[in-house]
Amino acid sequence: MTGVFKPTSGSVTYDGRRIDGMKPYQISRLGVARTYQVVQPFPEMTVLENVMAPAVFAAGASSTSEAMYAADEAIEFLGLKQQRDTPASELTLAGRKRLELAKSLAMKPKVLLLDEVNAGLNPAEIETALEMIRAIASRGVTIILIEHLMKVVMSLCTRIVVLHHGAKIAEGRPDEITQNDSVIEAYLGNRYAKANAGETADV
Amino acid sequence: MKHPLIGLCFFAVIAFLPVFGDNYILRLGTMFAMYAVLSQSWNIIGGYAGYPSFATAAFFGLGAYTGAILQGLGLAMPLAWAAAGLMAAAFAAAMGAAILHLKGHYFAIASLVLAEVLLEITTSWTSLTGGGMGLNLPIIRMSVGAQARLFFWSMLVLAVLTFLMSWYVSAGRIGFALRCIRQNEDASSMVGINTTLYKVIAFVLSALFVGSAGALYASWVFYIEPPDVYSVMTTIRPIVMTMLGGPGTLLGPLIGSGIFLIIEEVVWRNFLSIHAAVLGILIVGLIFYLPNGVVGAAMRRLRNRSDKKTEGTTT
C-alpha cells in the first residue's frame, strides 16, 4: 500500500487517486505514512536528525529551521525530548518505536499505517503507546492498525477487518467482531466455536 | 561551521608552496591538488552515499581524452578542461541511471567495468584517439617554470572548487539525503527521499571535477595513453585516501590526500619494488585500526573527552 511491494492484482486508491505502482517516496509525499514492525531508524543520526528527514523530504519543509521546528514538535509530542540529541542506535526498543511514530508524524500524514507497533513491548510500555496513538488520532489523523494483541485492537479501533490466511472473513465494530462466528472459529478453533454457539443458543 | 574554514586554511597553506620556487615542490603540490580533487569527489558517492564506486578511473580517462582531443582541435585549454568535466558528468548521469539500482559488491563490480569498457573503446578507436599509440597534446610556448606554476594554480583552483562543492553538499539537503541513504535506503524512501535521483546526483558530482582533473592532467603531461589514464590505481588511490582521512566527512579526503602523498613519496621511493605490498598493508591496517579514518578517530576521542567532562560535572 505504501509502494514497497507491488500488488499482483487489484488497485489501491487514496483521495481519489490510484497509488498502486507509485514509488514509496511519492506516496509518502501525498500524506500516507507507515511504521514497520521492525523499526527502521537512521542509526548514526540523532533523534532530531531522524525526525527532521521526513520533515524535509516528505512534508517539504522550505528551510532547516522550519524542519527543525516540525521535528521538535513531533519529538515533544512523543515525549522524546530527553533523547533529542542522542544517536538513534542508543535508544531502547520502546524508544525506537516512539521514534518511528515521531518520524511518521513529522511527515504531516493524513493516513498513518501502524504495523504491529506494540510488538515486543511490555504491558506498561503498551499502555503509554496506546495513549500516544489515541492522541495522534485525536489530531485528525486516520490510523490503520495492523495488530494481533486483542487488548490493543479492542481498546483503539472503531472499525475492524479480520483477515485469515490472507482472506477477509469479517468486518465491523469491535462488539460485532467479538460475536462473529467465523472469527471465533479462526482464532479459537472449531470446537470452541460450536460450544460457544450452543451456549449462546441456550441463553 | 569551523570545518570549512580549516579546509580553506589548508588550501591557503598549499598556495604558499610556489614561494619555495622549487619545481619538485610544485610538482608535489600539483599532485596533492589532483589527489584532493579525486578523493573529495569519490567521497560524495563513496563516503556520503555509501556506494563503493570504482569508476574514478573511467571519469578521469574520459576527461583526459575529451580534453586532449578538443585541444587537438584547437580549443583553448580552460574550455577543454570544462568540456571534459561536463562530458564525464554526462557519462556518469547515463551510467548512474543504469547501475545505481545495484547495491554493495554488485554496484562495485559494475562501476569497475566502466573503466575497462572505456579502455577498450579508446584503444580500438584509433582514428579518434590514436589507439595504443597514445595521443600527443599541443605544446605550450612557455618556460618550464611558468608551466609548472600554471598547472599548479589550475589544479589548486580545481581542488578548491571541488572542496566548495563538497561543502555545499555536506551542509545542505543533498548531503542529508545521502547520509540517510547510506544508513537505510528503504527507510529513506519511506520518509520521502527520491533515492534514485539523489544517488544519480551523487554519482554525477563524483564525476564532474574528476573529468576536468583528467583533462588538466593530460595538458600537464603532454602525452596520454589508455593504460595510463584508465589505470586501476587511479580508482584505488582516492578510495584509500578517503578511508585514511575519514569517509563521509568534509575534511577527511583532504587530510587523507596529504598523508597518502607523504607515504607515497617517502616510503615508495625507498621501497620501489615492494610498494604494492606497502599499499596492501596500508589498506589492511586501515580496515582494522581506523574504520572511520583519522577524522573519525579524532572525533571519537573528542566525544569521549567531553563525555567524561560532563560526567565529572554531574558527580
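Residues numbered from 1 in each chain as written. Chains lettered and ligands numbered in written order. Predicted model: local features only at pLDDT ≥ 70, side-chain atom pairs only at ≥ 80, totals over all residues. Heavy atoms only, no water.

(A) Quick peek at the nonpolar core. Among the nonpolar cores identified, the biggest contains 140 residues, and A:V51, B:F59, B:L178, B:F203, B:I224 and B:F260 are the most heavily contacted of them. Non-local contacts of A:V51, meaning those with residues more than four positions away in its chain, are made with A:A71, A:A74, A:I75, A:L99, A:A102, A:K103 and A:A106. (Core = buried A, V, L, I, M, F, W, Y, C linked by side-chain atoms within 4.5 Å. Buried < 20%, exposed > 50% of the residue type's maximum accessible area, 1.4 Å probe, protein only. Contact = heavy atoms within 4.5 Å.)

(B) Expanded view of a nonpolar patch on the surface. All names here are of chain B. A contiguous nonpolar patch, built from I109, V113, V117, I121, W125 and L128 and spanning about 540 Å² of accessible area, is present on the exposed surface. Inspection of the secondary structure puts L128 in helix α6 (residues 126–129). On the basis of relative accessible area, L128 is assigned to the partly exposed category, the value being 38%. (Patch = residues over 30% accessible without salt bridge, like charges linked within 9 Å, V, L, I, M, F, W, Y side chains within 5 Å. Areas by Shrake-Rupley, 256 points an atom, 1.4 Å probe, with all protein chains shown as cover. Salt bridge = Lys/Arg side-chain N within 4 Å of Asp/Glu carboxyl O. Helix = DSSP H or I, 4+ residues; strand = E, 2+ residues; numbered from the N terminus.)

(C) Region of the structure containing the pattern of salt bridges. In total, this model carries seven salt bridges over all chains according to the counting rule given. Between B:R182 and A:E44 there is a salt bridge whose closest N-O contact spans 3.2 Å. Placement of B:R182 in helix α8 (residues 173–183) and of A:E44 in the loop between β3 (32–35) and α2 (47–57) is noted, with the two residues assigned to different chains. Residue class for B:R182 comes out partly exposed when judged on its relative accessible area of 29%. Note that B:E265 and B:R27 form a salt bridge whose closest N and O atoms lie 3.7 Å from each other. One end of the pair, B:E265, is in helix α13 (residues 252–270); the other, B:R27, is in helix α2 (residues 23–48), with 238 residues separating them in the sequence. Classification of B:E265 by relative accessible area gives buried; the value is 10%.

(D) Seen up close, the environment of A:P174. Residues and elements named next belong to chain A. Within the secondary structure, P174 is located in helix α7 (residues 174–179). The class of P174 is buried, set by a relative accessible area of 18%. Between the C-alpha atom of P174 and that of T86, which follows or precedes it by 88 residues, the distance is 40 Å. Those residues in contact with P174 that sit more than four places away from it in its chain are M154, C157, T158 and I160.

(E) View of unusual backbone geometry. Despite not being glycine, A:K108 has its phi angle at roughly 50 degrees, a positive value. With respect to the helices, strands and loops of the structure, A:K108 is situated in the loop between α4 (93–106) and β4 (111–115). We classify A:K108 as exposed; its relative accessible area is 53%. Positioned with a positive phi, B:F222 is a non-glycine residue whose angle comes to about 70 degrees.

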